[in-house]
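Each chain is listed here by its residues.
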Amino acid sequence: MPIATQYFDVHQRMRDQGVIFSFVGYVSEGILFSLGEALKQKMRLEETDANVTKRVFSIFVEQVQNIIRYSAERLHADSGTPAEMSSGLITVGRDATHFFVVCGNIVGRAEGDDLRVRLDELVRMDPDTIKSYYREKLREPPEAGSRGASIGLIEIARRSTRPIEFGLTELDADRAFFCLKAYI
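Let us look at the structure shown here.

What counts and how
Residues numbered from 1 in each chain as written. Predicted model: local features only at pLDDT ≥ 70, side-chain atom pairs only at ≥ 80, totals over all residues. Heavy atoms only, no water. Phe/Tyr/Trp six-rings, centres within 6.5 Å; stacked < 30°, edge-to-face > 60°. Helix = DSSP H or I, 4+ residues; strand = E, 2+ residues; numbered from the N terminus. Buried < 20%, exposed > 50% of the residue type's maximum accessible area, 1.4 Å probe, protein only. Lys NZ or Arg CZ within 6 Å of the ring centre and 35° of its normal. Core = buried A, V, L, I, M, F, W, Y, C linked by side-chain atoms within 4.5 Å. Contact = heavy atoms within 4.5 Å. Expected span 1.5 Å × (residues − 1). Arc of directions from axis to C-beta. Polar contact = N/O pair within 3.5 Å; in protein donor to acceptor, adjacent residues only side chain to side chain. Pairing = 2+ DSSP bridges.

The next point concerns the packing of aromatic side chains. Counted under the stated rule, the structure contains 2 aromatic pairs. Look at phenylalanine 21 and phenylalanine 60: their rings are 6.0 Å apart centre to centre, the planes differ by 80°, and that puts the pair in the edge-to-face class. Placement of the pair is phenylalanine 21 in strand 1 (residues 19-27) and phenylalanine 60 in helix 3 (residues 50-70), with a sequence separation of 39 residues. Note on accessibility: phenylalanine 21 and phenylalanine 60 belong to one class, buried. Three or more aromatic residues link up through ring pairs in this structure, and these residues are Phe21, Phe57 and Phe60. Above the ring of phenylalanine 100, the side-chain terminus of lysine 181 is found at 4.4 Å from the ring centroid.

Right, let's talk about the nonpolar core for a bit. Side chains of a nonpolar character, in soluble globular proteins, are inclined to be buried together. By size, the foremost hydrophobic cluster in this structure holds 38 residues, and its most contacted members are Val56, Phe60, Val101, Leu119, Leu122 and Leu180. Sort the elements by how many residues they give to this core and helix 3 lands first, with 7 residues. Apart from the residues within four sequence positions on either side, valine 56 is in contact with Leu39, Met43, Val92, Phe99, Val101 and Ile184.

Turning our eyes to something else, we now look at helix 5 (residues 127-139). Compared with the 18 Å implied by 1.5 Å per residue over 13 residues, the 19 Å span of helix 5 between its first and last C-alpha is a close match. Within the span of helix 5, buried status applies to Ile130, Tyr133, Tyr134 and Lys137. Within helix 5, the buried residues cover an arc of 105° as seen down the axis, which keeps them to one side. Seen from the buried face of helix 5, the exposed residues on the opposite side, beyond 90 degrees, are Asp128 and Arg139. If you follow the buried residues of helix 5, they end up packed against helix 4 (109-124) and helix 6 (152-159). N-capping of helix 5 is provided by aspartate 126, with a side-chain oxygen placed 3.0 Å from the backbone N of aspartate 128.

Time to look at the pairing of strand 4 (residues 99-108). Burial of strand 4 is extensive: 10 of the 10 residues sit out of reach of the surface. Neither face of strand 4 is open: one carries Phe99, Val101, Cys103, Asn105 and Val107, the other Phe100, Val102, Gly104, Ile106 and Gly108, and all of them are buried. Here strand 3 (residues 84-94) pairs with strand 4 via 6 bridges, running antiparallel. Bridging from a neighbouring strand, arginine 94 pairs with phenylalanine 99 of strand 4. Two successive antiparallel strands, strand 3 and strand 4, enclose a turn made up of 4 residues. Bridge count for strand 4 against strand 6 (residues 175-183) is 9 bridges, and the pairing is antiparallel. Residue pairing in the sheet places phenylalanine 100 in a bridge with tyrosine 183 of strand 6.

In structure tokens form, the structure reads like this:
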């Protein structure tokens, strides 16, 4: 199959799934900023409601920050200025009624198991319970081993208009591919 046909097929499948924005590869804080600006501009040009744009952008940032902080696929600078990049995918799309933000990255199996437990708990909560849980967690110190404030997943669940979807695919004895989808 010719290369143009192969990549056009990928392009069409993504469009058929409602994808309006997608990135796969290594990300850093600088790339997050650039991708975020492109996403906001795209939504502005489509005259998306400002509140919806704000929620999509907030979830987008949380998800990319999770990739940056927790992806098991990382590149480190050997010398010079300290630098690090993490690998993953981020996709924003729209179905008939909602925007969605999907992220995915490889995690260690132990981290994947921990994510499953935390997300199973969040999925069972109603919006009011998520709000009070969020306020409770804000008063607590970050969890041991956390590279952030330990509230990113709660923030995503809080801003989502439907329960978040997630899954893990085991890759080998030490790693799994983690994926999370939030609707706005």
